[in-house]
Number of protein chains: 6
Amino acid sequence: MRNERKNDSLRKVEIIKDYISHPEGSVLVAFGDTKVICNASVSEGVPPFLRDSGTGWVTAEYAMLPRATHTRNQRESKRGKQDGRSQEISRLIGRSLRAAVDFEKLGENTVTIDCDVIQADGGTRTAAITGGFCALYMACEWMIKQGMIAENPVTGMVSAISVGIVMGEPMLDLEYAEDSIADVDMNLVVKDNAEIVEIQGSAEKVAFDRDLLNKMLDLGFKGIKELTDIQKQVIK
Amino acid sequence: MRNERKNDSLRKVEIIKDYISHPEGSVLVAFGDTKVICNASVSEGVPPFLRDSGTGWVTAEYAMLPRATHTRNQRESKRGKQDGRSQEISRLIGRSLRAAVDFEKLGENTVTIDCDVIQADGGTRTAAITGGFCALYMACEWMIKQGMIAENPVTGMVSAISVGIVMGEPMLDLEYAEDSIADVDMNLVVKDNAEIVEIQGSAEKVAFDRDLLNKMLDLGFKGIKELTDIQKQVIK
Amino acid sequence: MRNERKNDSLRKVEIIKDYISHPEGSVLVAFGDTKVICNASVSEGVPPFLRDSGTGWVTAEYAMLPRATHTRNQRESKRGKQDGRSQEISRLIGRSLRAAVDFEKLGENTVTIDCDVIQADGGTRTAAITGGFCALYMACEWMIKQGMIAENPVTGMVSAISVGIVMGEPMLDLEYAEDSIADVDMNLVVKDNAEIVEIQGSAEKVAFDRDLLNKMLDLGFKGIKELTDIQKQVIK
Amino acid sequence: MRNERKNDSLRKVEIIKDYISHPEGSVLVAFGDTKVICNASVSEGVPPFLRDSGTGWVTAEYAMLPRATHTRNQRESKRGKQDGRSQEISRLIGRSLRAAVDFEKLGENTVTIDCDVIQADGGTRTAAITGGFCALYMACEWMIKQGMIAENPVTGMVSAISVGIVMGEPMLDLEYAEDSIADVDMNLVVKDNAEIVEIQGSAEKVAFDRDLLNKMLDLGFKGIKELTDIQKQVIK
Amino acid sequence: MRNERKNDSLRKVEIIKDYISHPEGSVLVAFGDTKVICNASVSEGVPPFLRDSGTGWVTAEYAMLPRATHTRNQRESKRGKQDGRSQEISRLIGRSLRAAVDFEKLGENTVTIDCDVIQADGGTRTAAITGGFCALYMACEWMIKQGMIAENPVTGMVSAISVGIVMGEPMLDLEYAEDSIADVDMNLVVKDNAEIVEIQGSAEKVAFDRDLLNKMLDLGFKGIKELTDIQKQVIK
Amino acid sequence: MRNERKNDSLRKVEIIKDYISHPEGSVLVAFGDTKVICNASVSEGVPPFLRDSGTGWVTAEYAMLPRATHTRNQRESKRGKQDGRSQEISRLIGRSLRAAVDFEKLGENTVTIDCDVIQADGGTRTAAITGGFCALYMACEWMIKQGMIAENPVTGMVSAISVGIVMGEPMLDLEYAEDSIADVDMNLVVKDNAEIVEIQGSAEKVAFDRDLLNKMLDLGFKGIKELTDIQKQVIK
């Protein structure tokens, strides 16, 4: 068992509203020492494949500041491309948030969620989805106030948490030191009605059977419930 | 239920050995009309982060020919970068195959698995992992013959299959027409001892509960068992 | 003189129709151990410089799988650009095939010929032109069936062959082992009426006089005649 | 004269130490609503042109989050390159900070200053230099504690401020609304001994004579003095 | 004091008209051994941000031939991007020349000034601005002759010169050998009415006080006056 | 027949030595209104594939200034890559010049030939090869003077000329207006002993038979003889 919290405990979660002033929705989300700025930008119009469909779009971009981590990473813009990990997480965030949106109600508008990790200590993608949902919701409220849309297109709440197997034991919400020695790392994106949006489990070192899978799911669903409650405080 | 096969049936699977003559391991794998060339290339040495560790590395690259699909995609080399999807699948294949290798037995050597889709009809990533495993195994056998290594570092068999929920029904090994209307799309990478290496499930349209998750896992494990038997024929 | 065939002999040439199912025209062409997938894709519309001209366009792209060769080449998409050799050959194939097309009959449509070398043993560009012509022809036939055009815009047959000087002797259709020691390497693209479309001769090691040039042309024209007969079987 | 402060007044300046936990030096600097995270990263070794010189190097990189501004900018990593403005400011910050360092005392070490604008309201480059100096100083103190160097190589304090001509009047520390209507925009980088490190004045709309130049310099030197006092509080 | 000319002397300045035949305006400008080809290209239309504004645009691009310098630089096109210095100077030239243009008189037309350094010996950016102005003026004259515009939109003359502090002494128009040992390097862009368009001074080694700044300005204004006279000869 | 010169006449050819001062060899070559700066740069060492072989290397890079042509081309560095045509010609120049060098005599040194077209009127690649040869020869002479090599490694003279079929008539040294209406365009690179180094003929519109090929070769060899005489004057 880990030192300061139980295996089934989340780290301290904080979501600060209106962290940046310009975006239509903005929060700073912290899962322990992991801190992510989530900004939602509204723009009229949609990508070409949706033009004249009457429906909208939600997309996301994820990145880390070069020194969000223990050692400095080269800036992606300097390398001339996003790395594969950043793109993969961007795609995951976008898919996860789209699962909570009624695109007809959004009309032909696009909401872009920028998730920029300013400090990383494990779980950056789950923090980004959880905070990104709040930013998305706030941007939709802003659109209603502007008269762009009639009602909030968000159909349910979405949050995300990691679970892992560390030294044989299932653990919730891994921080970096735990993640780096985990045998299995799993990320769950779940709606507030307990339906799964995404499940991504990866055996970094030791493969896992269905029994362990179920134990991890139990932990994850417990964490999701707590995150949903925190999100509700933020967007109420 | 679908027309020509049962919901729990694989498509016709074929794995043709030595499809290309130059690589140390090479197969053409077909899952129905999906066809992927999997070539394994052996090189001495390892990436910088493993240098002088005495252990080896396995990596993978996935790509599609421009006209593997119904409509032509722009060539990635012409766009000047790999797209996010290709990189994400490349990373998945690499992780999945590394789960089956004892890197100390591999020594400071690298095996690169190139998975090039020449014809796509759904399930290209699962075909690539299943065929890529065979190419990897063959390349390891080649290394033994060359005297580069003493014993085969492959510790178990790895294959992959997709499962989905199509019009409410769980289905195994989705082809493109099914995949494009599926509510849920899940890919499973499993070892021959029934342990999970990767689980990636995504609710494209409708989120799913744990009961449906279990039904999909049942189907997937059935498919994996059949794939493992086919792989055994190839590498025996 | 070489071992298994005479200096004026082609390698075994095979052209397999409909190799890939999605393209409007598709062949696998083999010149001995050199194997190239040639896919023709039809799209409505033309590049900007031809818009509203009433005439069409044919273009080509050539690439090799990373392990088509003895040692693995880095994937072009990963390097972030096509290499110079690939672009040069792409341009050659496009020019060669355009010489056989009446663009007014093609209407404002574009045919893109993708030539992907899956196994290389010398002569990949000549195989690509010879097979690409067949794919182009088949795509034009498809357009007629679709009612897109009234008659086949192909005005004659085009094929290509290499000739070289190896250890002082002119040789037809060099394979890799011969090509790598050749003093002169020449590629000829010729129509079925014996008119030259492209001649590209390069003295890799020893320059050549006009007498040798003529001897090489004699050999090349012999090979072209045989290739034209094979093409006729394919597209008849 | 502007509304809430005099023409020769700075906005509220805040410099928060240790904003991010991993870097060797880190501050959040705010000039009014402009907020920049400045992180200093220490690495052993120097760029090739200094190798074996016994002297060190300081370099800087400047970037903005996509939604630091009123409307969202495309992410530089997605465009595949840093834009010209970012590179120009990165070069300015690096040059400015190098003017305050004794490179022999730094030894063969490199300090990289990342300046990431999270919220922009004019004066981002001057805030970045002013905050970047503090991060640099803190990183040097860290190196002393680590025993990497014997004494602090910083030879004097460096800060920066903007001055402009807005509707005919010289004004200190322009915010965005002022900057966008300014006739002249000038940035000054000055040491605490009142010597100029950089002067960059640009007539966006109306060119200026030497008399106006002197008035702007008077304003700028007043602001620099106040910034220096704030920096001293931070690094003391 | 330097050998062959006084500290307040320009190098020999030559501006050769119509150096290249195709452009609408073209000069070769030489400041001593620094030689820059300045070509002005006229195109109808303006960038998106000016569309339907009724006003025009002037932009510039600066580059060096690989062997314009003592040692060869890698070609920017081969590296896949313009380097930061080239972009920074391109932006400076564009801004400087735009300060001399009435964009309503230019109409919705764009003039692009290409400044290509064929031989570099210090002061390439100042030569480029000085020569670029002449090319711009000539292109405007050409537009009048073509009937594209009614009167010349150039509102005044613009030239540029460098000044530095070398071994404690202010010096005008630094050549490379002087520039490389200068403590301060300043570039001035000034109109013929003695108003400053750009001032960019940088303390490469030793910061400078306002007294030295004024001495450098005196030298610079003297040089600008002489350059303006030479420009008048060219465009009269 | 064309207006001002006979079908078998070269345009006025000029080769000006030492055009740029820094390179080890430099000429400006003019074929009529086509003007190319050819600079040869010597560097110690060779590319990786030749390391420790005791032999040297010659390589070339070809580019055009944006306004060398009638209408402005986008700068290759701005597009982020060399275009296919530039790379193809670069490769041709390099191959052609290497045919004239004894690499053992060159030792482990590299000569890079930069051919930058400042004004284009057809035949830029043939001018580049002809001028590039002179720059290469001069650089080799420089190396002897420096004591880097014992004797000149150039084994013979190489020059290049274009020939075409314009309105049915063979013509030597096509200028742009002729080239753009030519049915056939052929480039010949020939040594002073009348041996062919490269032959590249392309039927832009109408394919050609062997009789026409021979007529073009006759014209080309006549031109080469005259070019060789001019080169001899330059390098003697």
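Quantities reported herein were computed from a predicted structural model and do not represent experimental measurements. (Residues numbered from 1 in each chain as written. Chains lettered and ligands numbered in written order. Predicted model: local features only at pLDDT ≥ 70, side-chain atom pairs only at ≥ 80, totals over all residues. Heavy atoms only, no water.)

Examining the overall build of chain A
Turning to step 1, where the next piece is worked out: Within chain A one finds six helices and nine strands.
Turning to step 2, where the next piece is worked out: Relative to the globule expectation of 18 Å for 236 residues, the C-alpha radius of gyration of chain A, 18 Å, shows essentially globular dimensions.
Turning to step 3, where the next piece is worked out: Across its three principal axes, chain A shows a C-alpha extent of roughly 55 × 40 × 30 Å.
Turning to step 4, where the next piece is worked out: In chain A, 69% of the contacts between residues at least 6 apart in sequence involve partners at least 24 apart.
Turning to step 5, where the next piece is worked out: For chain A, the distance from the average position of its 29 positive side-chain charges to the average position of its 36 negative side-chain charges is 3 Å. (Helix = DSSP H or I, 4+ residues; strand = E, 2+ residues; numbered from the N terminus. Rg over C-alpha atoms; globule rule 2.2 N^0.38 Å. Contact = heavy atoms within 4.5 Å. Lys, Arg positive; Asp, Glu negative; His and termini not counted. Charge placed at Lys NZ, Arg CZ, Asp CG, Glu CD.)

What to know about the UniProt feature "domain: Exoribonuclease phosphorolytic" (unreviewed entry) in chain A
Residue and element names in this part refer to chain A.
Turning to step 1, where the next piece is worked out: Mapped onto the present numbering, the UniProt feature "domain: Exoribonuclease phosphorolytic" (unreviewed entry) falls at residues 10–139 and 156–223.
Turning to step 2, where the next piece is worked out: With 30% helix and 32% strand, residues 10–139 has its two end C-alpha atoms placed 27 Å apart.
Turning to step 3, where the next piece is worked out: Secondary structure across residues 156–223 divides into 26% helix and 43% strand, with the first and last C-alpha atoms of the span separated by 17 Å. (UniProt positions renumbered as here; feature names shortened; annotations may be inferred.)

A short note on the sheet that holds strand S9 (residues 196–203) of chain D
Turning to step 1, where the next piece is worked out: The sheet built from eight strands is open, its strands ordered S7(D)-S6(D)-S8(D)-S9(D)-S9(E)-S8(E)-S6(E)-S7(E) with antiparallel pairing. The strands lining the two open edges of the sheet, one partner per strand, are strand S7 (169–172) of chain D together with strand S7 (169–172) of chain E. The average undirected angle you get between the axes of adjacent strands in this sheet is 15 degrees.
Turning to step 2, where the next piece is worked out: The strands touched by helix H6 (residues 210–235) of chain D are strand S6 (158–166), S7, strand S8 (184–191) and S9 of chain D together with strand S9 (196–203) of chain E; relative to S6 of chain D, the strand with the most contacts, the crossing angle is about 140 degrees.
Turning to step 3, where the next piece is worked out: Relative to strand S6 (residues 158–166) of chain E, helix H4 (residues 124–146) of chain E is tilted by about 165 degrees, and along the sheet it contacts S6, strand S8 (184–191) and S9 of chain E. (Pairing = 2+ DSSP bridges. Axes fitted to C-alpha atoms, helices over the stretch in contact; angles between N-to-C directions.)

Side note on the relation of the copies chain D and chain A
Turning to step 1, where the next piece is worked out: With an axial shift of 0.0 Å and an RMSD of 0.0 Å, the rotation relating chain D to chain A amounts to 180 degrees. Between the two chains, the operation in question is that of a two-fold axis.
Turning to step 2, where the next piece is worked out: Both copies contact each other with a shared surface, as 100% of the interface residues of chain D are interface residues in chain A too. (Least-squares fit on C-alpha atoms with pLDDT ≥ 70 in both.)

Here's the deal with the interface of chain F and chain E
Turning to step 1, where the next piece is worked out: If you look at the interface, chain F gives 33 residues, while chain E gives 33 residues.
Turning to step 2, where the next piece is worked out: Both faces combined, the contact of chain F with chain E buries some 2900 Å², and carbon together with sulfur accounts for 47% of it.
Turning to step 3, where the next piece is worked out: Taken as a group, His22, Arg67 and Arg75 of chain F account for 25% of the area that chain F buries against chain E, more than any other trio of residues on that side.
Turning to step 4, where the next piece is worked out: We note a salt bridge from arginine 75 of chain E to aspartate 114 of chain F, for which the minimum N-O separation is 2.6 Å.
Turning to step 5, where the next piece is worked out: For the interface between chain F and chain E, the tally reads 25 residue pairs in polar contact (both at pLDDT 80 or more).
Turning to step 6, where the next piece is worked out: Mapped onto the side of chain F that touches chain E, the elements with two or more residues apiece are strand S3 (34–44), strand S4 (57–64), helix H1 (76–79) and strand S5 (109–119) of chain F.
Turning to step 7, where the next piece is worked out: Counting residues per element, the side of chain F that touches chain E draws most heavily on S5 of chain F, which supplies six residues.
Turning to step 8, where the next piece is worked out: Residue classes in the side of chain F that touches chain E are distributed as twelve nonpolar, eleven polar and ten charged. (Buried area = accessible area lost by both parts, 1.4 Å probe. Salt bridge = Lys/Arg side-chain N within 4 Å of Asp/Glu carboxyl O. Polar contact = N/O pair within 3.5 Å; in protein donor to acceptor, adjacent residues only side chain to side chain. Nonpolar A, V, L, I, M, F, W, Y, C, P; charged D, E, K, R; others polar.)

Let's talk about the UniProt feature "binding site: phosphate" (unreviewed entry) in chain A
Residues and elements named next belong to chain A.
Turning to step 1, where the next piece is worked out: Under the UniProt annotation, "binding site: phosphate" (unreviewed entry) lies at Arg85, Gly123, Thr124 and Arg125. Maximum C-alpha separation among the annotated residues is 13.6 Å over a sequence range of 41 residues, consistent with a single clustered spot.
Turning to step 2, where the next piece is worked out: Along the chain, the position of threonine 124 falls in helix H4 (residues 124–146).
Turning to step 3, where the next piece is worked out: In this structure threonine 124 comes out as buried when scored by relative accessible area, which is 6%.
Turning to step 4, where the next piece is worked out: For threonine 124, the residues in contact, after removing those within four places along its chain, are Thr34, Val36, Tyr62, Arg85 and Val117.
Turning to step 5, where the next piece is worked out: Examined against the element boundaries, arginine 125 turns out to sit in helix H4.
Turning to step 6, where the next piece is worked out: In contact with arginine 125, not counting residues within four places along its chain, are Arg85, Ile89, Leu92, Asn187 and Gln200. (Buried < 20%, exposed > 50% of the residue type's maximum accessible area, 1.4 Å probe, protein only.)

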